[in-house]
Amino acid sequence: MTQRFAPDRPAHIGQPHLRRNALRHLAGRGAYVSDLALPRMVHAAFLRSPMAHGRITALDLDEARAAPGVIAVYSAADLNPMCQGWTGVLSHFAGMTSPAQSILADQEVLWVGHPVAMVIARTRAEAEDACEKILLDIDDLPAVAGFAPALDPDMPAAAEASASNLCFRAELKTEGAAAAFDGAALVVEGEWRFGRHTAVTLEPRAVVADYDPASGQLTVHHGTQTPFQFQDVYARQFGLPDNRVRVISPDVGGSFGMKLHLYHEEMATVAASLKLHRPVRFVADRLESFTSDIHARDHKVKARMALDGQGQVLAMEVLDRTLIGPYSTYPRTSVAEGNQVIRLMGAPYAMPDYHGVLEVLFQNKVQTSQYRAVGHPIAVQVTEALIDLAAEKLGLDPFEMRARNVVADDAYPCASATGYRFEKLSHQESLRRLRALMDYDGLRAEQAALREKGIHRGIGLATFVEITNPGAAFYGVGGARISAQDGAVVRLTPGGEAHCAISVTEQGQGTETIIAQIVADQLGLTPDQVKVVTGDTDATPSGGATWACRGAGIGGETALRAGRKLAEQLCRIAGAILQAAPESLALRGGAVVDAATGAERLALAELARIATYRPDTLPEGTDNSLSVAQHFAPQGYPFGFTNGVQAAWVEVDTETGLVKLLKHWVVEDCGRIINPLLVDEQIRGGVVQGLGAALYEECLYDDAGQLLNGSLADYLVPMAGEMPDILIGHVETPTEDTILGAKGVGEAGTAAAGAAVMNAVNDALRPFGARLCQTPMTPARILAALGIGPTERDETWN
Amino acid sequence: MKAPPFAYRLAEDLPQALDLYARSAGDAVYLAGGHSIVPSLSLRLQAPALLIDISRIAALAGVSLGPEGLRIGATTPHAVLLEDPLVATHAPLLAEAARHVAHPAIRNRATFGGNLVLADPASEFPAVVRALRAELEVEGPEGARQIAAEDFFLDLYTTALQPGEILRAVLIPPPAPGQLVAFAELARRQGDFAMVGAAVRLVPKAGVIGTADIVFHSVGLTPMRAVAAEAALIGQALDAATIAAACAAVAQDLQPGDDPVLPAATRLHLAGVLLGRLLRRVQGEWA
Amino acid sequence: MKQALELQVNGEAVALMVEPRQTLADVLRDSLRLTGTHLGCEMGVCGACLVLLDGKPVHGCLTLAVQAQGCAVTTVEGLDASGEIADLQAEFHARNALQCGYCTPGMLMTAQALLKRGAVPDRAEIREALSGNFCRCTGYEAIVDAIAATAAKRGAA
């Protein structure tokens, strides 16, 4: 790839270009799947299992079928035979197992919320009316709800199809791990519990399936981040050619990983449309979201760290146990999170040895799977808590402790003890920037002064490494039909503007804006001259779309290469028109210019006019194409790692256990920054999601597997009143694996925010000898750590 | 989350509302702001045949001052309690509590009367009207009657209202000379239901505490009067020892239940902490 | 049984038949196709459905449509068309104070109501005013900044 067609300066990459699509939202003109109303559209509601585990003994749909407005009522017998079952296992997770899933519960119900019957009616209200008229009897079976029953060998499996409650076990071990502990000057250890939480996208899951038997076309309007994945799923599971399945993902009201998993309700909605030959709509209400959207985390970690006398980390030993659902989620599995937990432990540090064990256990709760920052918050929190513990024992300042242990900025490339290969990270520089940004020494002085007055503030630090830009090593090697490549078609319109159709998708993070910036720079246009189309399998080339922080790094590179390819083609056409060597031409300011002098030779609008309307005037044999297609798959490193460090400044009311978040800082290195405004907003939003998990969010279940707080009144999300201002600094270390040099940033904030806050709370509580090791850090847990009120029994950790 | 079908009638005046109820065979619910009823319907927790809309009945609206005290119509939205100068002057405790009730938009439409009639033990206003010894004016099929706030809240979501009765207004007696009040709650987020909250009213008498009203919310099945804590205050000077005694007495007054996120013992501890803070605040204003 | 409802929506007289059980948010969205009003929780805690009812923000999900008889309703589409929040929209845009956009109409309703109170609110007051508006994407800071900037400019005007 020649650099010749690069603009003379990076005109738009790196600029805080504003999102054009934000203007629609500000005008109330968003177009979400939940807004869609199609002619003859009907509405779905589901009757769900009220029990965590049981056997269906009676299901009578007759009265519901006769209810006003009802079009159809389906049970498993009606829908399940229409589609192949799906099983969430991947071959690179050796030995993992999971029962297969089907659309509706057939005989056995496996969690509270498991869909048993589907009602289709003229309105959602009528569908809900009819659900109340279904007679359902279930005989209770023992419910696996929590670690104790899941680990109890005498307990029956969460699903009758499973031989045991062990879904997957993995172990990583370096040769020197045991010796490192034997020879250590200091060993620090602890146990951590991470509450189960969920994505709570403000727009719930939404799907409108529309099958037209005349054309054999299935169109699914689906609020997802991965339309091509669902095109493939719907085509294969229902036996349709994939080019007859169109998935459209318009505006999506938040996704964060939650909307890329396969759900029973979406499959049922497609099946119903195939049966009814008319559009069927399902939009989860908030209660359904809590009992059917994937949950995340739900881990218990036992870990220790070995250090030498100088505070150098020698090794970590980790046992991570995680409770998933009754099956592993499809197609990404429910074990990827734990897999990342045990592999990200100690990642920022020059730690030679490691021993990690992962156990993934089934239980009768809604499935868990990938949600923003998959595994990172757990690995970061455990690692950073151990680092702080070690610093305390050694009498070292937490900054100094980290500075001694992070991989040196000049030590790359290198690999972690867990096997991750790092191209180039910037921990040392990030720590230096953070220290200045937050005025660390000033804060320490303030903290000491306030202690005298009985005000207990704490500072917490957390370094982190984030996995971005995944290649096919992530899922593809395990047999998943999840694309690690992306595709774009870039064209010059007859009017001389540009159009880019690309497989990466937009959920508000600014994908379309950065793609426009990148393409604009390749074509010598402004971003406003580049229309970007995403989220429609009929309109763009196929690709992986948006997950694991790959939109900017991989999608952006795809756009860049497509833009350059078109620029070369445009210069060839211009060369033919101008009788000039294409190599002597360049694109700048909306025109073809002389590359050497910058003198304008031909406006792009004129070039487009000639190529479109007067191709007859071009020299014979000239290719008048104004469109190019380009696909790109990452090569080189299997993942593009990023890094950063966060700091939290909190005040703990030691009488009430309430934590006030005073301020938060992030220094982050995501490689080439395409749009600093959007990068900062990704970080801020990510931080707040991490803070939610640290202080508020937890799906609470009783021992019978009943969800106790499945509404937004009881499940606490972070709100404006409690969130701090967040200061952000950057280090920019582009990856050399791509021309663009960009890596991902969407999960960095979430990865370490909770760890920073937990360390800050523990810093505040240090004079009391109290220490938190469970999230969310509720007032009751903080008070319990201070010796006020009961400590939770291990059994309630479910 | 769509409500089951029901009929709806807008009542022009109280007699019409009562008449509609009388003809409903008991299967009707009065509707004002709807901020408790509508979500409860959406969750299908209730399915009345008829909703009788009393939100536009003039006799239920308005805030006025008379010789008996401040009269607050049942359909007064929370936002008015926050902003009305009469409330600020004559029932500042209510205005203070209103700041803690949910969020700004809720306060624009949710009504004072609706809040009291729901009798949610986590709600602020029931505790406040009990602490202020308010009287509740009720209109019903058998005519009008007055119920002391002290006798109004019977159990979880249960009041002394008889079927068909409508809360018309709340009468807040004029403040006693020298009366000091304070309200506070401990909540995890702004506008959340409190982990614990309390309203305090103290009336000095000859340099000591003559009257004490301490009513907690979010610690039991009703707004809870802390009788032992009150007794620890009465006749005493408001000093550190008295405050400590009152806080310690809270353990005799409250028997909160366990909650998935807040064990009973922790909630009781918080009640003592909160009462201490409130009393110290009042101490600062003590002349 | 449907009944007649007459009201004013964004300055236009509207007459239609509704079921008593339909909320104002459902009628705006499904019958009038004003889909800028969003549903996030249907129990009054997320703020996505806020509309102005006779000038004050209320939850469209907690208000039965029949209760809006004779009232004036303003949705985000109406606020946008009137131009009265153009400055607020511009400040949101300039700071990227929205990502997925689903909470944005409710945020604008709360912000405009706060700003119309006259006094220039400080950041703590803005955060408190937003306490009933859930945003999962932004982390709120840019929203607070946008409202503060608008308040400062309106206060200076």
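What counts and how
Residues numbered from 1 in each chain as written. Chains lettered and ligands numbered in written order. Predicted model: local features only at pLDDT ≥ 70, side-chain atom pairs only at ≥ 80, totals over all residues. Heavy atoms only, no water. Core = buried A, V, L, I, M, F, W, Y, C linked by side-chain atoms within 4.5 Å. Buried < 20%, exposed > 50% of the residue type's maximum accessible area, 1.4 Å probe, protein only. Helix = DSSP H or I, 4+ residues; strand = E, 2+ residues; numbered from the N terminus. Contact = heavy atoms within 4.5 Å. Pairing = 2+ DSSP bridges. Axes fitted to C-alpha atoms, helices over the stretch in contact; angles between N-to-C directions. Phe/Tyr/Trp six-rings, centres within 6.5 Å; stacked < 30°, edge-to-face > 60°. Lys NZ or Arg CZ within 6 Å of the ring centre and 35° of its normal. Buried area = accessible area lost by both parts, 1.4 Å probe. Salt bridge = Lys/Arg side-chain N within 4 Å of Asp/Glu carboxyl O. Polar contact = N/O pair within 3.5 Å; in protein donor to acceptor, adjacent residues only side chain to side chain. Nonpolar A, V, L, I, M, F, W, Y, C, P; charged D, E, K, R; others polar. Domains from an automatic or database assignment.

**Student:** How do you make sense of the nonpolar core when you look at a structure like this?
**Tutor:** In summary, soluble globular proteins display a tendency toward joint burial of nonpolar side chains. If you look at the biggest cluster of nonpolar residues, it comprises 183 residues, and the most contacted ones within it are Met438(A), Val761(A), Phe92(C) and Ile147(C). Among the elements that take part in this core, helix 19 (residues 748-765) of chain A stands out by supplying twelve residues, more than any other. With near-sequence residues (within four places) excluded, Ile147(C) lies in contact with Leu88(C), Phe92(C), Ala111(C), Leu114(C), Leu115(C), Ile126(C) and Leu130(C). If you look at the next biggest cluster of nonpolar residues, it comprises 45 residues, including Val530(A), Leu607(A), Leu678(A) and Ala742(A).

**Student:** Would you mind showing me how to read the sheet that holds strand 5 (residues 69-73) of chain B here?
**Tutor:** All names here are of chain B. With antiparallel pairing, five strands are arranged side by side in an open sheet as 4-5-10-6-7. The open sheet has two edge strands, strand 4 (63-66) and strand 7 (143-148), and neither has a second partner. Direction aside, neighbouring strands of the sheet carry axes that sit 25° apart on average. One ladder, built from four bridges, connects strand 5 with strand 10 (residues 166-172); its direction is antiparallel. Residue pairing for strand 10: Leu70 is matched across the bridge by Ile172. In the packing of helix 1 (residues 14-22) onto the sheet, contacts are made with strand 6 (135-140) and strand 10, and the angle to strand 10 comes to roughly 135°.

**Student:** Whenever I open this one, the packing of aromatic side chains confuses me. Can you help?
**Tutor:** Given two aromatic rings, their pairing is described by the distance between the two centres and the angle made by the two planes. All names here are of chain A. Following the criterion strictly, the structure yields 18 aromatic pairs over all chains and no others. Taking the centre distance of 6.4 Å and the plane angle of 80° together, the rings of Trp111 and Tyr327 count as edge-to-face. Placement of Trp111 in the loop between strand 4 (108-109) and strand 5 (115-121) and of Tyr327 in the loop between strand 14 (313-323) and helix 10 (336-344) is noted, with a sequence separation of 216 residues between them. A residue is classified by how much of its surface remains accessible, and Trp111, at 2% relative accessible area, is buried. The class of Tyr327 is buried, set by a relative accessible area of 4%. An aromatic cluster is defined as three or more aromatic residues linked by ring pairs; in this entry it consists of Tyr420, Phe422, Phe474, Tyr475, Trp547, Phe639 and Phe641. Positioned above the aromatic ring of Tyr475 is the side chain of Arg332, whose terminal nitrogen or guanidinium carbon lies 5.1 Å from the ring centre.

**Student:** Could you clarify how one ought to interpret the interface of chain C and chain B in this entry?
**Tutor:** Much of the literature gives interface size as the accessible area that the parts lose upon coming together. Contact residues are listed per partner, giving 30 residues for chain C and 31 residues for chain B. Roughly 2,400 Å² of surface becomes buried between chain C and chain B when both sides are summed, with 55% attributable to carbon and sulfur atoms. The largest contributions to the chain C side of the interface with chain B come from Arg21(C), Leu62(C) and Gln67(C), which together make up 28% of the buried area. Between Glu83(B) and Arg117(C) there is a salt bridge; the shortest N-O distance is 3.4 Å. Taken together, the connections running from chain C to chain B amount to 13 residue pairs in polar contact (both at pLDDT 80 or more). Elements with a contribution of two residues or more to the side of chain C that touches chain B: strand 3 (50-53), strand 4 (56-59) and helix 5 (123-129) of chain C. The element contributing the most residues to the side of chain C that touches chain B is strand 4 of chain C, with four residues. A class-by-class count of the residues in the side of chain C that touches chain B yields 15 nonpolar, nine polar and six charged.

**Student:** What am I meant to see in the sheet that holds strand 12 (residues 196-205) of chain B here?
**Tutor:** For sheets, the rule is that strands pair by backbone hydrogen bonds, running either parallel or antiparallel. Residues and elements named next belong to chain B. Judged by pairing direction, the sheet is antiparallel, and its four strands sit side by side in the order 11-12-13-14 without closing on themselves. This sheet does not close on itself; its edge strands, each paired only once, are strand 11 (180-186) and strand 14 (224-225). Note that strand 11 and strand 12 share seven bridges and pair antiparallel. The partner of Val181 across the bridge, within strand 12, is Arg201.

**Student:** Would you explain the domain arrangement of chain A in this entry?
**Tutor:** Residue and element names in this part refer to chain A. The domains assigned to chain A are domain 1 (22-30 + 485-632), domain 2 (39-141 + 200-292) and domain 3 (295-472 + 636-797). Domain 2 and domain 3 are separated by 35 Å when their C-alpha centres are compared. Buried surface at the junction of domain 2 and domain 3, summed over both partners, amounts to about 2,800 Å²; 65% is from carbon and sulfur atoms. Broken down residue by residue, the surface that domain 2 buries against domain 3 is led by Phe256, His261 and Phe290, which jointly contribute 23%. Along the contact surface separating domain 2 from domain 3 lie zero salt bridges. In this assembly, domain 2 and domain 3 are joined by twelve residue pairs in polar contact (both at pLDDT 80 or more). For the side of domain 2 that touches domain 3, the elements supplying multiple residues, two or more each, are helix 7 (227-238) and helix 9 (286-292). With five residues, the single largest contributor to the side of domain 2 that touches domain 3 is helix 9. When the residues that make up the side of domain 2 that touches domain 3 are grouped by side-chain class, the tally is 21 nonpolar, 15 polar and two charged.

**Student:** I'm lost on the interface of chain C and chain A in this one. Help?
**Tutor:** Between chain C and chain A, the residue contacts involve 45 residues of the former and 56 residues of the latter. Buried area between chain C and chain A, summed over both chains or domains, comes out near 4,000 Å², and the portion from carbon and sulfur atoms is 55%. Area buried by chain C at its contact with chain A is led by His93(C), Gln99(C) and Arg136(C), which between them contribute 20% of it. Our count for the contact surface shared by chain C and chain A stands at six salt bridges. One salt bridge in this structure joins Arg123(C) and Asp725(A), with 2.9 Å as the shortest N-O distance. The tally of links between chain C and chain A comes to 27 residue pairs in polar contact (both at pLDDT 80 or more). If you tally residues by element for the side of chain C that touches chain A, the top one is helix 3 (residues 86-95) of chain C, at five residues. Here the residues of the side of chain C that touches chain A sort into 19 nonpolar, 15 polar and eleven charged.

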